[in-house]
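Results of the structural survey
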Amino acid sequence: AALPADARILLTAERKQRRILAIASGKGGVGKSTVAANLAIALARTGLKVGLVDADIYGPSQPKLMDAPGKPEAYNKQLLPVATRHGVPLLSIGQLVEPGKAIAWRGPMAAGALTQLVDAAWGDTELLIMDLPPGTGDVQLTMIQKHRPMGAIIVSTPQDLALIDAARAIDLFGQAGVPVIGLVENMAGYICPHCGALSDPFGSGGAETDAAARGIPFLGRIPLTIAIRTASDAGEPPAAGDGADAEPFRLLAEKVAV
Ligand code: ADP
(Lines give C-alpha, C1' and ligand atoms only; values in the text may rest on other atoms or scores of the structure.)
Protein backbone atom coordinates (compact mmCIF):
# COMPACT_ATOMS: atom_id res chain seq x y z
CA ALA A 1 0.00 0.00 0.00
CA ALA A 2 1.08 3.56 -0.67
CA LEU A 3 2.58 5.37 2.28
CA PRO A 4 0.35 8.22 3.47
CA ALA A 5 1.99 11.64 3.53
CA ASP A 6 2.41 11.82 7.29
CA ALA A 7 3.40 8.19 7.84
CA ARG A 8 7.12 8.86 7.74
CA ILE A 9 6.81 11.21 10.66
CA LEU A 10 4.76 8.60 12.50
CA LEU A 11 7.27 5.87 11.83
CA THR A 12 10.43 7.80 12.60
CA ALA A 13 9.22 9.73 15.63
CA GLU A 14 11.17 8.93 18.73
CA ARG A 15 9.50 6.03 20.47
CA LYS A 16 8.99 6.99 24.07
CA GLN A 17 7.63 4.71 26.75
CA ARG A 18 3.99 4.36 25.82
CA ARG A 19 1.40 3.62 28.41
CA ILE A 20 -1.91 1.82 28.10
CA LEU A 21 -5.01 2.78 30.04
CA ALA A 22 -7.79 0.18 29.85
CA ILE A 23 -11.46 1.13 29.93
CA ALA A 24 -13.55 -1.82 31.09
CA SER A 25 -17.02 -2.74 32.22
CA GLY A 26 -18.64 -5.79 33.73
CA LYS A 27 -21.29 -5.90 31.04
CA GLY A 28 -22.23 -4.27 27.73
CA GLY A 29 -24.34 -1.22 27.13
CA VAL A 30 -23.16 0.82 30.11
CA GLY A 31 -21.33 3.39 27.97
CA LYS A 32 -17.80 2.00 28.13
CA SER A 33 -17.05 2.90 24.50
CA THR A 34 -18.64 6.32 24.90
CA VAL A 35 -16.45 7.02 27.93
CA ALA A 36 -13.34 5.67 26.18
CA ALA A 37 -13.83 7.90 23.11
CA ASN A 38 -14.66 11.03 25.07
CA LEU A 39 -11.90 10.52 27.62
CA ALA A 40 -9.37 10.04 24.80
CA ILE A 41 -10.49 13.30 23.19
CA ALA A 42 -10.58 15.19 26.50
CA LEU A 43 -7.04 13.99 27.33
CA ALA A 44 -5.82 14.95 23.85
CA ARG A 45 -7.22 18.43 24.42
CA THR A 46 -4.93 18.79 27.45
CA GLY A 47 -1.95 18.39 25.09
CA LEU A 48 -1.24 14.72 25.72
CA LYS A 49 -0.57 12.59 22.62
CA VAL A 50 -3.37 10.06 22.86
CA GLY A 51 -4.31 7.11 20.67
CA LEU A 52 -7.40 4.94 20.85
CA VAL A 53 -7.36 1.15 20.55
CA ASP A 54 -10.76 -0.46 20.14
CA ALA A 55 -10.35 -3.99 21.45
CA ASP A 56 -14.06 -4.68 21.80
CA ILE A 57 -14.28 -7.86 19.73
CA TYR A 58 -18.00 -8.25 20.48
CA GLY A 59 -19.04 -4.86 19.14
CA PRO A 60 -16.26 -2.57 17.96
CA SER A 61 -17.98 0.82 17.87
CA GLN A 62 -15.08 3.29 17.81
CA PRO A 63 -14.91 3.73 14.00
CA LYS A 64 -18.49 4.98 14.15
CA LEU A 65 -18.10 6.99 17.37
CA MET A 66 -14.98 8.71 16.03
CA ASP A 67 -16.36 9.04 12.50
CA ALA A 68 -13.39 7.16 11.03
CA PRO A 69 -14.76 4.45 8.77
CA GLY A 70 -11.54 3.87 6.79
CA LYS A 71 -9.31 0.82 6.95
CA PRO A 72 -5.74 1.24 8.24
CA GLU A 73 -2.87 1.08 5.79
CA ALA A 74 0.02 -1.23 6.57
CA TYR A 75 3.67 -0.39 6.09
CA ASN A 76 6.49 -2.85 6.78
CA LYS A 77 3.87 -5.20 8.27
CA GLN A 78 2.93 -2.54 10.80
CA LEU A 79 -0.53 -0.99 10.85
CA LEU A 80 -0.77 2.78 10.53
CA PRO A 81 -3.36 4.24 12.93
CA VAL A 82 -6.24 5.97 11.16
CA ALA A 83 -6.29 9.72 11.79
CA THR A 84 -9.59 11.10 13.07
CA ARG A 85 -10.81 14.68 12.95
CA HIS A 86 -10.92 14.68 16.77
CA GLY A 87 -7.13 14.63 17.13
CA VAL A 88 -7.00 11.03 18.33
CA PRO A 89 -5.67 8.36 15.93
CA LEU A 90 -7.59 5.10 16.04
CA LEU A 91 -7.10 1.40 15.47
CA SER A 92 -10.07 -0.91 15.91
CA ILE A 93 -10.49 -4.65 15.85
CA GLY A 94 -13.50 -3.81 13.68
CA GLN A 95 -11.12 -2.61 10.96
CA LEU A 96 -9.50 -6.05 10.79
CA VAL A 97 -12.63 -8.14 10.28
CA GLU A 98 -15.42 -8.02 7.73
CA PRO A 99 -18.32 -5.90 8.98
CA GLY A 100 -21.16 -7.97 10.33
CA LYS A 101 -19.15 -11.18 10.27
CA ALA A 102 -19.27 -13.09 13.54
CA ILE A 103 -16.02 -14.61 14.68
CA ALA A 104 -15.74 -17.01 17.60
CA TRP A 105 -12.72 -15.50 19.30
CA ARG A 106 -10.81 -17.37 21.91
CA GLY A 107 -8.55 -15.64 24.42
CA PRO A 108 -5.19 -16.20 22.71
CA MET A 109 -6.65 -15.34 19.28
CA ALA A 110 -8.17 -12.11 20.48
CA ALA A 111 -4.98 -11.16 22.31
CA GLY A 112 -3.03 -11.94 19.12
CA ALA A 113 -5.23 -9.65 17.01
CA LEU A 114 -4.96 -6.97 19.66
CA THR A 115 -1.17 -7.19 19.47
CA GLN A 116 -1.34 -5.91 15.88
CA LEU A 117 -3.26 -2.88 17.11
CA VAL A 118 -0.97 -2.15 20.07
CA ASP A 119 2.30 -2.76 18.20
CA ALA A 120 1.22 -0.51 15.33
CA ALA A 121 3.12 2.57 14.17
CA TRP A 122 1.94 4.79 17.01
CA GLY A 123 4.91 7.12 16.63
CA ASP A 124 5.19 9.53 19.53
CA THR A 125 1.80 8.66 21.03
CA GLU A 126 2.22 8.77 24.80
CA LEU A 127 -0.97 7.10 25.98
CA LEU A 128 -3.16 4.45 24.42
CA ILE A 129 -6.74 4.35 25.64
CA MET A 130 -7.89 0.75 25.23
CA ASP A 131 -11.61 0.06 24.89
CA LEU A 132 -11.84 -3.53 26.19
CA PRO A 133 -14.64 -5.98 25.45
CA PRO A 134 -17.37 -5.95 28.12
CA GLY A 135 -17.37 -8.77 30.62
CA THR A 136 -14.86 -10.67 32.66
CA GLY A 137 -14.12 -13.89 30.83
CA ASP A 138 -11.03 -15.63 29.60
CA VAL A 139 -10.75 -13.35 26.56
CA GLN A 140 -10.47 -10.24 28.71
CA LEU A 141 -8.02 -11.85 31.12
CA THR A 142 -5.73 -13.00 28.30
CA MET A 143 -5.82 -9.54 26.70
CA ILE A 144 -4.96 -7.87 29.99
CA GLN A 145 -2.20 -10.31 30.87
CA LYS A 146 -0.60 -9.98 27.45
CA HIS A 147 -0.78 -6.20 27.16
CA ARG A 148 -0.38 -5.15 30.78
CA PRO A 149 -2.15 -1.79 30.98
CA MET A 150 -0.69 0.59 33.59
CA GLY A 151 -4.20 0.92 35.00
CA ALA A 152 -7.88 0.42 34.39
CA ILE A 153 -10.99 2.53 34.64
CA ILE A 154 -14.26 0.70 35.28
CA VAL A 155 -17.46 2.14 33.81
CA SER A 156 -20.74 1.26 35.48
CA THR A 157 -24.32 2.46 35.53
CA PRO A 158 -25.91 3.18 38.90
CA GLN A 159 -28.06 0.04 38.96
CA ASP A 160 -27.25 -2.69 41.41
CA LEU A 161 -26.91 -5.35 38.75
CA ALA A 162 -24.40 -3.31 36.79
CA LEU A 163 -22.49 -2.74 40.01
CA ILE A 164 -22.30 -6.47 40.69
CA ASP A 165 -20.90 -6.84 37.19
CA ALA A 166 -18.50 -3.96 37.86
CA ALA A 167 -17.30 -5.79 40.98
CA ARG A 168 -16.36 -8.75 38.78
CA ALA A 169 -14.42 -6.44 36.48
CA ILE A 170 -12.57 -5.02 39.47
CA ASP A 171 -11.69 -8.59 40.56
CA LEU A 172 -10.44 -9.39 37.07
CA PHE A 173 -7.86 -6.59 37.20
CA GLY A 174 -6.95 -7.63 40.73
CA GLN A 175 -6.19 -11.14 39.43
CA ALA A 176 -4.02 -9.71 36.67
CA GLY A 177 -2.21 -7.34 39.04
CA VAL A 178 -3.38 -4.22 37.17
CA PRO A 179 -4.32 -1.27 39.40
CA VAL A 180 -7.87 0.01 39.12
CA ILE A 181 -7.55 3.77 38.79
CA GLY A 182 -11.19 4.28 39.60
CA LEU A 183 -14.86 3.88 38.86
CA VAL A 184 -16.95 6.12 36.59
CA GLU A 185 -20.72 6.22 36.97
CA ASN A 186 -22.37 6.69 33.59
CA MET A 187 -26.04 7.45 32.85
CA ALA A 188 -26.25 8.88 36.33
CA GLY A 189 -29.23 11.19 36.37
CA TYR A 190 -31.26 12.35 33.40
CA ILE A 191 -31.24 16.05 32.59
CA CYS A 192 -34.53 16.97 30.90
CA PRO A 193 -33.78 18.93 27.73
CA HIS A 194 -37.06 20.85 28.13
CA CYS A 195 -37.00 22.01 31.73
CA GLY A 196 -33.43 21.19 32.83
CA ALA A 197 -34.67 19.19 35.82
CA LEU A 198 -32.56 16.24 36.97
CA SER A 199 -34.17 12.86 37.57
CA ASP A 200 -32.62 9.48 38.33
CA PRO A 201 -34.10 6.73 36.16
CA PHE A 202 -31.43 4.25 37.24
CA GLY A 203 -30.93 5.65 40.75
CA SER A 204 -27.83 7.61 41.61
CA GLY A 205 -24.82 7.39 43.86
CA GLY A 206 -24.63 3.59 43.79
CA ALA A 207 -21.25 3.57 42.13
CA GLU A 208 -19.78 6.12 44.52
CA THR A 209 -20.92 4.13 47.55
CA ASP A 210 -19.63 0.94 45.98
CA ALA A 211 -16.27 2.51 45.10
CA ALA A 212 -15.88 3.83 48.65
CA ALA A 213 -16.69 0.41 50.13
CA ARG A 214 -13.96 -1.14 47.97
CA GLY A 215 -11.42 1.58 48.60
CA ILE A 216 -11.38 2.50 44.90
CA PRO A 217 -11.33 6.14 43.80
CA PHE A 218 -14.61 7.45 42.43
CA LEU A 219 -13.81 9.41 39.28
CA GLY A 220 -17.13 11.07 38.68
CA ARG A 221 -20.55 10.81 37.15
CA ILE A 222 -21.70 11.38 33.62
CA PRO A 223 -25.36 12.25 33.21
CA LEU A 224 -27.72 10.55 30.79
CA THR A 225 -28.48 13.13 28.11
CA ILE A 226 -30.03 12.92 24.70
CA ALA A 227 -27.20 15.07 23.37
CA ILE A 228 -24.56 12.50 24.39
CA ARG A 229 -26.45 9.80 22.51
CA THR A 230 -27.14 11.80 19.36
CA ALA A 231 -23.64 13.30 19.26
CA SER A 232 -22.13 9.82 19.62
CA ASP A 233 -24.30 8.45 16.82
CA ALA A 234 -23.20 11.33 14.62
CA GLY A 235 -19.50 10.60 15.14
CA GLU A 236 -19.09 13.84 17.05
CA PRO A 237 -18.28 12.91 20.68
CA PRO A 238 -19.38 15.72 23.01
CA ALA A 239 -15.87 15.99 24.51
CA ALA A 240 -14.77 17.44 21.16
CA GLY A 241 -17.07 20.42 21.62
CA ASP A 242 -17.44 23.10 24.27
CA GLY A 243 -21.02 22.42 25.35
CA ALA A 244 -22.24 21.32 28.77
CA ASP A 245 -21.85 17.66 27.79
CA ALA A 246 -18.09 18.12 27.37
CA GLU A 247 -17.67 19.14 30.99
CA PRO A 248 -17.93 15.74 32.78
CA PHE A 249 -15.35 14.31 30.39
CA ARG A 250 -13.02 17.30 30.89
CA LEU A 251 -13.24 16.74 34.66
CA LEU A 252 -12.59 13.03 34.17
CA ALA A 253 -9.52 13.78 32.06
CA GLU A 254 -8.25 16.11 34.79
CA LYS A 255 -8.53 13.29 37.32
CA VAL A 256 -6.74 10.68 35.24
CA ALA A 257 -4.10 12.91 33.62
CA VAL A 258 -0.91 10.95 34.06
P1 ADP B 1 -20.80 -0.07 25.84
O2 ADP B 1 -19.50 0.27 25.19
O3 ADP B 1 -20.68 -0.18 27.34
O4 ADP B 1 -21.50 -1.24 25.23
P5 ADP B 1 -21.79 2.31 24.53
O6 ADP B 1 -20.74 3.31 24.84
O7 ADP B 1 -21.79 1.69 23.18
O8 ADP B 1 -21.78 1.16 25.63
O9 ADP B 1 -23.20 2.98 24.85
C10 ADP B 1 -24.41 2.27 24.64
C11 ADP B 1 -25.47 3.26 24.15
O12 ADP B 1 -25.77 4.21 25.18
C13 ADP B 1 -25.03 4.08 22.96
O14 ADP B 1 -26.14 4.30 22.12
C15 ADP B 1 -24.58 5.40 23.58
O16 ADP B 1 -24.72 6.50 22.68
C17 ADP B 1 -25.53 5.53 24.73
N18 ADP B 1 -24.93 6.26 25.86
C19 ADP B 1 -23.80 5.98 26.54
N20 ADP B 1 -23.61 6.86 27.55
C21 ADP B 1 -24.63 7.75 27.49
C22 ADP B 1 -25.01 8.91 28.24
N23 ADP B 1 -24.29 9.32 29.27
N24 ADP B 1 -26.15 9.57 27.86
C25 ADP B 1 -26.89 9.12 26.82
N26 ADP B 1 -26.61 8.06 26.09
C27 ADP B 1 -25.49 7.36 26.41
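The rules behind each value
- All chains use their own residue numbering, which begins from 1 and follows the written sequence.
- Owing to the predicted nature of the model, reporting of local features is limited to residues with pLDDT of at least 70; listing and counting of side-chain atom pairs is limited to 80 or more, with chain, interface and lining totals taken over all residues.
- Numbering of helices and strands starts at the N terminus; helices are DSSP runs of H or I of at least 4 residues and strands are runs of E of at least 2.
- It is over C-alpha atoms that the radius of gyration is taken, and the globule rule equals 2.2 Å times the number of residues to the power 0.38.
- With C-beta atoms placed from the backbone, the exposure class of a residue follows from how many other C-beta atoms lie within 10 Å of its own: 20 or more, buried; 12 or fewer, exposed; in between, partly exposed.
- Any residue whose backbone-placed C-beta atom lies within 6 Å of a molecule or strand is treated as near that molecule or strand.
- Gly is put with the polar residues, along with every residue not named as nonpolar or charged; the nonpolar set is Ala, Val, Leu, Ile, Met, Phe, Trp, Tyr, Cys and Pro, and the charged set is Asp, Glu, Lys and Arg.
- UniProt positions are given in the numbering used here, feature names are shortened, and annotations may be inferred rather than shown by experiment.
- Each residue gets a C-beta atom placed from its backbone, and two residues are in contact if those atoms lie within 7 Å.
- Nonpolar core, as used here: buried Ala, Val, Leu, Ile, Met, Phe, Trp, Tyr and Cys residues forming one set through C-beta atoms within 7 Å.
- Under the convention used throughout, the expected extent of a helix is 1.5 Å for every residue step, that is, one less than its residue count.
- Where helices are involved, their axes are fitted lines through C-alpha atoms of the stretch in contact, as for all axes, and angles between N-to-C directions lie from 0 to 180°.
- Each crossing gets its hand from how the near helix is turned against the far one by less than a right angle, where anticlockwise is left-handed and clockwise is right-handed.
- Strand pairing follows a simple DSSP-based rule, namely that at least 2 bridges must link the two strands.

Here we look at the overall build of the chain
Counting its regular elements, the chain contains nine helices and ten strands. By the compact-globule yardstick of 18 Å for 258 residues, the chain fits well, its C-alpha radius of gyration being 18 Å. Its C-alpha atoms give the chain principal-axis dimensions of about 55 × 40 × 35 Å. Every one of the 258 residues in the chain was classed for burial, and the buried ones make up 48%.

Structural notes on the site of the ligand
Gly31, Lys32, Ser33, Thr34 and Ile228 are the nearest of the 18 residues found near the ligand. Listed by contribution, the elements that provide at least two residues to the shell around the ligand are α2 (32-44), β8 (180-191), β10 (218-224) and α8 (226-233). Split by residue class, the shell around the ligand holds six nonpolar, ten polar and two charged.

Some thoughts on the environment of Cys192
Structurally, Cys192 is set in the loop between β8 and β9 (198-199). By the C-beta count within 10 Å, which is 11 here, Cys192 ends up exposed. Through-space distance from the C-alpha of Cys192 to that of Ala227 is 11 Å; in sequence the pair is 35 residues apart.

What to know about the UniProt feature "binding site: ATP" (unreviewed entry) in the chain
Mapped onto this structure's residue numbering, the UniProt feature "binding site: ATP" (unreviewed entry) falls at Gly26, Lys27, Gly28, Gly29, Val30, Gly31, Lys32 and Ser33. By the element assignment, Gly29 lies in the loop between β1 (19-24) and α2. Among the secondary structure elements, Lys32 is positioned in helix α2. Once you skip the residues sitting within four places of it in the chain, Lys32 turns out to touch Ile23, Ala24, Ser25, Asp131, Pro134 and Val155.

Side note on the nonpolar core
Among the nonpolar cores identified, the biggest contains 74 residues, and Ile23, Leu39, Ala40, Ile129, Ile153 and Ile154 are the most heavily contacted of them. It is α2 that provides the largest number of residues to this core, a total of nine residues. Among residues more than four places away in sequence, those in contact with Ile154 are Ala24, Ser25, Ala166, Ala169, Ile170, Val180 and Leu183.

Details of α2
For α2, with 13 residues, the first-to-last C-alpha span of 18 Å sits near the 18 Å given by 1.5 Å per residue. Of all 13 residues in α2, 13 are buried, a share of seventy percent or more.

Quick notes on the packing of helix α6 (residues 160-176) against helix α7 (residues 206-214)
At their nearest, the axes of α6 and α7 sit 10 Å apart, and the two run at 35° to each other. Considering how the two elements wind past one another, α6 and α7 form a crossing that is right-handed. In this structure, α6 uses Asp160, Leu163 and Ile170 to contact α7, whose residues at the interface are Gly206, Ala207, Asp210 and Arg214. A class-by-class count of the residues in the contact of α6 with α7 yields three nonpolar, one polar and three charged.

Some points on the pairing of strand β2 (residues 50-54)
Within β2, five of the five residues are buried, leaving the element largely enclosed by the surrounding structure. Burial along β2 is two-sided: Val50, Leu52 and Asp54 facing one way and Gly51 and Val53 facing the other are all buried. Here β2 pairs with strand β6 (residues 127-131) via five bridges, running parallel. When the sheet's bridge partners are listed, Leu52 is paired in β6 with Ile129. For β2 and strand β5 (residues 90-92), the ladder comprises three bridges, and the chain directions are parallel. When the sheet's bridge partners are listed, Asp54 is paired in β5 with Ser92.

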